[in-house]
Amino acid sequence: MLNIRFRGIYKAEEEIKKNSKLHKNSVKFKEAKTIKEHTKKSEKIMLPIVVIIIISALLIADLKNIELIFHLIDLASIILLIPLVPIYEIIIILSYPIKANKDLYIIKKDLALLLISDSLISKKRYITICLMPIIILLIIPYVTGIITIGIIPIQITKLLVIISLLGTIITSSNIINIYNTIKQVPKKAKIFNYGYNSY
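What comes next is a walk through the structure. Not measured: the values here are computed from a predicted model.

Considering the overall build of the protein chain
Argument step 1. A tally of regular secondary structure across the protein chain gives seven helices and seven strands.
Argument step 2. Put simply, the protein chain runs from its N terminus to its C terminus through helices and strands in the order β-α-α-α-α-α-β-β-β-α-α-β-β-β.
Argument step 3. Of the contacts formed within the protein chain by residues at least 6 apart in sequence, a portion of 78% connects residues at least 24 apart.
Argument step 4. Accessible surface for the protein chain amounts to roughly 11500 Å². Of this, 68% is attributable to carbon and sulfur atoms.

Remarks on the environment of Ser 20
Argument step 1. Structurally, Ser 20 is set in the loop between helix 1 (13-18) and helix 2 (35-64).
Argument step 2. In this structure the C-alpha to C-alpha distance between Ser 20 and Ile 116, which are 96 residues apart in sequence, comes to 8.3 Å.
Argument step 3. If sequence neighbours within four positions are ignored, Ser 20 has contacts with Ile 116, Asp 118, Asn 193, Tyr 194 and Gly 195.

Looking at the layout of surface pockets
Empty space left among the atoms is revealed by rolling a probe the size of a water molecule over them.
Argument step 1. Here the second largest pocket defines a volume of roughly 230 Å³.
Argument step 2. Lining of the second largest pocket is provided by 16 residues; of these, Ser 26, Val 27, Ala 189, Lys 190 and Tyr 199 occupy positions nearest its centre.

Side note on the sheet that holds strand 3 (residues 112-116)
Argument step 1. Taking strand neighbours across the sheet as the criterion, the three strands line up as 1-2-3 in an open arrangement whose pairing is mixed. Edge positions in the sheet fall to strand 1 (4-9) and strand 3, since each of these pairs with one other strand and no more. Each neighbouring strand pair of the sheet contributes to a mean axis angle of 25 degrees, computed without reference to strand direction.
Argument step 2. Pairing analysis gives five bridges linking strand 2 (residues 102-107) to strand 3, with the strands arranged antiparallel. Of the residues in strand 3, the one forming a bridge with Leu 104 is Leu 115.

Considerations on the side chain of Lys 102
Argument step 1. Within the secondary structure layout, Lys 102 lies in strand 2.
Argument step 2. Of the side chains bearing the opposite charge, Asp 103 lies closest to the buried Lys 102, which forms no salt bridge; the N-O distance is 9.6 Å.
Argument step 3. Among the polar contacts made by the side chain of Lys 102, one reaches the main-chain carbonyl oxygen of Ile 98 at a distance of 3.1 Å.
Argument step 4. Ignoring any residue separated from it by four or fewer positions in sequence, one finds Lys 102 in contact with Leu 2, Asn 3, Ile 4, Arg 5, Ile 93, Tyr 96, Pro 97, Leu 115 and Ile 116.

As for the packing of helix 6 (residues 123-147) against helix 7 (residues 154-184)
Argument step 1. Put simply, helix 6 and helix 7 touch, their axes get as near as 7 Å, and they point 160 degrees apart. When the interaxial angle is binned, helix 6 and helix 7 end up roughly antiparallel. Between helix 6 and helix 7 the crossing geometry is left-handed.
Argument step 2. Each residue belonging to the contact of helix 6 with helix 7 can be placed in one class, and the counts come to 16 nonpolar, 10 polar and one charged.

Cut-offs used in this document
Residues numbered from 1 in each chain as written. Predicted model: local features only at pLDDT ≥ 70, side-chain atom pairs only at ≥ 80, totals over all residues. Heavy atoms only, no water. Helix = DSSP H or I, 4+ residues; strand = E, 2+ residues; numbered from the N terminus. Contact = heavy atoms within 4.5 Å. Areas by Shrake-Rupley, 256 points an atom, 1.4 Å probe, with all protein chains shown as cover. 1 Å grid on protein atoms, 1.4 Å probe; cavity = no way out; pocket = protein on both sides within 12 Å on 5 of 7 lines; lining within 4 Å. Points joined across faces, edges and corners; volume = space filled by probe spheres on them. Pairing = 2+ DSSP bridges. Axes fitted to C-alpha atoms, helices over the stretch in contact; angles between N-to-C directions. Buried < 20%, exposed > 50% of the residue type's maximum accessible area, 1.4 Å probe, protein only. Lys, Arg positive; Asp, Glu negative; His and termini not counted. Salt bridge = Lys/Arg side-chain N within 4 Å of Asp/Glu carboxyl O. Polar contact = N/O pair within 3.5 Å; in protein donor to acceptor, adjacent residues only side chain to side chain. Parallel < 35°, antiparallel > 145°, perpendicular 65-115°, else oblique. Left-handed = near helix turned anticlockwise from the far one by under 90°. Nonpolar A, V, L, I, M, F, W, Y, C, P; charged D, E, K, R; others polar.

This is the structure in structure tokens:
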């Protein structure tokens, strides 16, 4: 129904290219060439956002509920990262057009999923696809958690702030994709994936 093909464990970029189509007259994005390089760039974006979330949460908690400072990060919160990874990919999958080709890989080393689509997507739709996880996993939990400190049980507030922190980690690469799309893609051009890169 959603036109998803499960490709198993990711081994090499050449494997993805065999399953993808390189469209005629396509221009490669100026972006990270490997997953490792992309991760390093994402970390540079992720760090200041995480710092802002933690500092703002602690400042507000100091005024309304001091308990949040002591309960902000624990083992149970880190475990939340496991279900958030597939939730992130589900959001991405549902944001793509139903008929678009979608190849799903498991990156065993990083305990992550990789979705590749060689279907042509409009610039506006691609930005929307990248924005949806940011809105759902980062912005909504963060704003809700901050404005409800002292109103709802501290456990729920903590959960919302932690989800936004983990959401930052998961969606930081989306911020890079949005920036690259706005800067590099002409208004009426289409975007697709070939191998690990976008065109």
